[in-house]
Amino acid sequence: MALSLAKNNAWSARRGPVVLVVMDGVGYGKHKEGDAVASADMRHFRSMERSCPSTRLKAHGTAVGLPADDDMGNSEVGHNAIGCGRVFAQGAKLVSASISTGAMFSGNTWKALVSNAKAGPGRALHFMGLFSDGNVHSHLDHLEAMCARAKADGVARVRVHILLDGRDVGEQSALEYVDRFESFASSLNDGGYDCRIASGGGRQYITMDRYGADWAMVERGWKTHVLGLGARFPRAKAAILHYRAENPALIDQDMHEFVIEEKGAPVGTINDGDSVVYFNFRGDRALETCAAFENDDFDKFDRVRRPKVEFAGMMEYDGDLHVPAKYLVTPPAIDRTLGEYLSGSGVPMLAISETQKFG
């Protein structure tokens, strides 16, 4: 049956505004136990549910452009799906596809990163990003695939700077990912290839600030990853156990910085001639670190030294400002959005958001 686009003559315009309210984290659970939304006193909302037309939307998985239905949604993919009025493949899905097809590794950016890391003795390819399989900002599978490909492409030294999660995954799950990755790296480390964790800390304490809310976080991350300053440990596991012994209730995202050392020196500072990949595919918590690496007139903190590196992001994080300058996977070209349609139809709009969501 063909869909008729003719105007319904029984329809008449109503006076007053139409309000679209996006309530992050408010949803319908399958079980009553532990469901804070179901237990909350939302009498006015429940009244509107009963008296107004309503429907329920899926906010996770393939319904919002994520790779699988096991992937939970997040504010970015939800806002994109609502704003587009249709489903676009989101960052996680695009990166996974680019890796599986080999498109990432045949692109000019990856080739430049590898070529630079191989251009002189002692150079390294560094990976920096959220260290989990939460699939909201990053995925450990992507990191492991790039480490394996780096070896295949002849890179000798790989250093990984890990940002512990505890937010998109279990609150104290860091050791699961550290143990998994160190076992993986050990399986690769032969024939002169040397892949290891070099530094780390919690995502809410170092590096992953957003919207300029706390540049001190980014400065702490710079000192840790680039300069090798911070509490030193022989392995990441030792650092995590140390901080948990000090505070057994410590959530991974709040863990202080740590630097891995060997023979009294950091194993992986970022130096002139190195290559650096920020492997988060989501951009809001990557932009500030990109600025620290890329901007000549940077004035947010004293970088002490700015290494001359080949730098790239997993994706382009800001399509208007084209940040970063180089990236591994092209983001979706989103057009014909809800806002664009309404504006083109002459409908005046006012969009309001809290600071932490306006991006």
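Throughout what follows, the structure given in this document is the object of discussion.

The next subject is the overall build of the protein chain. Looking only at helices and strands, one finds twelve helices and nine strands in the protein chain. Taking 359 residues into account, the globule formula puts the C-alpha radius of gyration at 21 Å, and the protein chain, at 23 Å, falls close to it. Dimensions of the protein chain along its principal axes, counting C-alpha atoms only, are 80 × 45 × 40 Å. Relative to all contacts within the protein chain whose residues are 6 or more apart in sequence, the contacts with residues 24 or more apart total 74%. Accessible surface computed for the protein chain: about 19,400 Å², of which carbon and sulfur atoms make up 52%. Charge-centre separation for the protein chain: the mean point of 41 positive side chains lies 3 Å from the mean point of 46 negative side chains.

Moving on, we get to the side chain of histidine 126. Within the element layout of this structure, histidine 126 appears in strand β1 (residues 125-130). At 2.9 Å, the side chain of histidine 126 forms a polar contact with the side chain of histidine 161. Among all residues touching histidine 126, those that are not within four sequence positions of it are Arg159, His161, Gly268, Thr269, Ile270, Asp274, Ser275, Val276 and Val277.

This paragraph deals with the packing of aromatic side chains. Under the definition given, this model contains eleven aromatic pairs. Centre to centre, the rings of phenylalanine 131 and phenylalanine 181 are 5.7 Å apart; their planes meet at 80°, and the pair counts as edge-to-face. Of the two residues, phenylalanine 131 is situated in the loop between β1 and α7 (140-152) and phenylalanine 181 in helix α8 (residues 174-188); the sequence distance between them amounts to 50 residues. For the pair phenylalanine 131 and phenylalanine 181, one class covers both residues: buried. Their ring planes at 70° and their centres at 5.6 Å tell us that tryptophan 215 and phenylalanine 298 sit as a pair that is edge-to-face. Here tryptophan 215 is found in helix α9 (residues 215-225), whereas its partner phenylalanine 298 is found in the loop between α11 (287-294) and β8 (310-315), with 83 residues between them in sequence. By relative accessible area, phenylalanine 298 is classed as buried at 13%.

Buried residues of helix α4 (residues 91-101): Gly91, Ala92, Val95, Ser98 and Ile99, and no others. Summarising the axial view, the buried residues of α4 lie within an arc of 135°, below the 170-degree limit, and thus occupy one face. Opposite the buried face of α4, at more than 90 degrees from it, the exposed residues are Ser100 and Thr101. On its buried face, α4 sits against α5 (103-106), α7, β8 and β9 (327-329). Glycine 102, located one to two residues past α4, shows a positive phi value of around 85°.

Across two bridges, strand β3 (residues 194-202) lies against strand β5 (residues 258-262) in antiparallel orientation. Residue pairing in the sheet places glycine 200 in a bridge with phenylalanine 258 of β5. Pairing of strand β4 (residues 232-233) with β5 involves two bridges; the strand directions are parallel. For phenylalanine 233, the partnering residue across the bridge sits in β5 and is isoleucine 260. In terms of handedness, the path from β4 via helix α10 (residues 236-246) over to β5 forms a crossover that is right-handed. Looking at chain direction, β5 and strand β6 (residues 265-266) are connected through two bridges and run antiparallel. From the neighbouring strand, glutamate 261 faces β6, where its bridge partner is proline 266. Linking β5 to β6, which pair antiparallel, is a turn of two residues; within it lysine 263 sits at a positive phi near 55°.

Our focus in this paragraph is the nonpolar core. Formed by 81 residues in total, the largest nonpolar core has its most connected members in Trp110, Leu125, Phe127, Cys147, Val158, Phe181 and Met314. Ranked by residue count, the leading element in this core is α8, at eight residues. In this view, valine 158 contacts Leu125, Phe127, Cys147, Ala150, Tyr193, Asp194, Cys195 and Arg196; residues no more than four positions away in its chain are not counted.

Applying the stated rule across the entire model yields 22 salt bridges. Between arginine 159 and aspartate 194 there is a salt bridge, and its shortest N-O distance comes to 2.8 Å. Residue arginine 159 is located in strand β2 (residues 157-164), and its partner aspartate 194 is located in strand β3; the two are separated by 35 residues in the primary sequence. The residue lysine 237 makes a salt bridge to aspartate 179 at a minimum N-O spacing of 4.0 Å. Of this pair, lysine 237 sits in helix α10 while aspartate 179 sits in helix α8, and the two are 58 residues apart along the sequence. Lysine 237 gets classed as partly exposed once you look at its relative accessible area, which sits at 30%.

With respect to the helices and strands, the residue aspartate 297 is situated in the loop between α11 and β8. Aspartate 297 sits 215 residues away from isoleucine 82 along the chain, and the two C-alpha atoms are 37 Å apart.

Conventions and cut-offs
- Residues numbered from 1 in each chain as written.
- Predicted model: local features only at pLDDT ≥ 70, side-chain atom pairs only at ≥ 80, totals over all residues.
- Heavy atoms only, no water.
- Helix = DSSP H or I, 4+ residues; strand = E, 2+ residues; numbered from the N terminus.
- Rg over C-alpha atoms; globule rule 2.2 N^0.38 Å.
- Contact = heavy atoms within 4.5 Å.
- Areas by Shrake-Rupley, 256 points an atom, 1.4 Å probe, with all protein chains shown as cover.
- Lys, Arg positive; Asp, Glu negative; His and termini not counted.
- Charge placed at Lys NZ, Arg CZ, Asp CG, Glu CD.
- Polar contact = N/O pair within 3.5 Å; in protein donor to acceptor, adjacent residues only side chain to side chain.
- Phe/Tyr/Trp six-rings, centres within 6.5 Å; stacked < 30°, edge-to-face > 60°.
- Buried < 20%, exposed > 50% of the residue type's maximum accessible area, 1.4 Å probe, protein only.
- Arc of directions from axis to C-beta.
- Pairing = 2+ DSSP bridges.
- Right-handed = clockwise from strand over helix to strand, strands pointing away.
- Core = buried A, V, L, I, M, F, W, Y, C linked by side-chain atoms within 4.5 Å.
- Salt bridge = Lys/Arg side-chain N within 4 Å of Asp/Glu carboxyl O.

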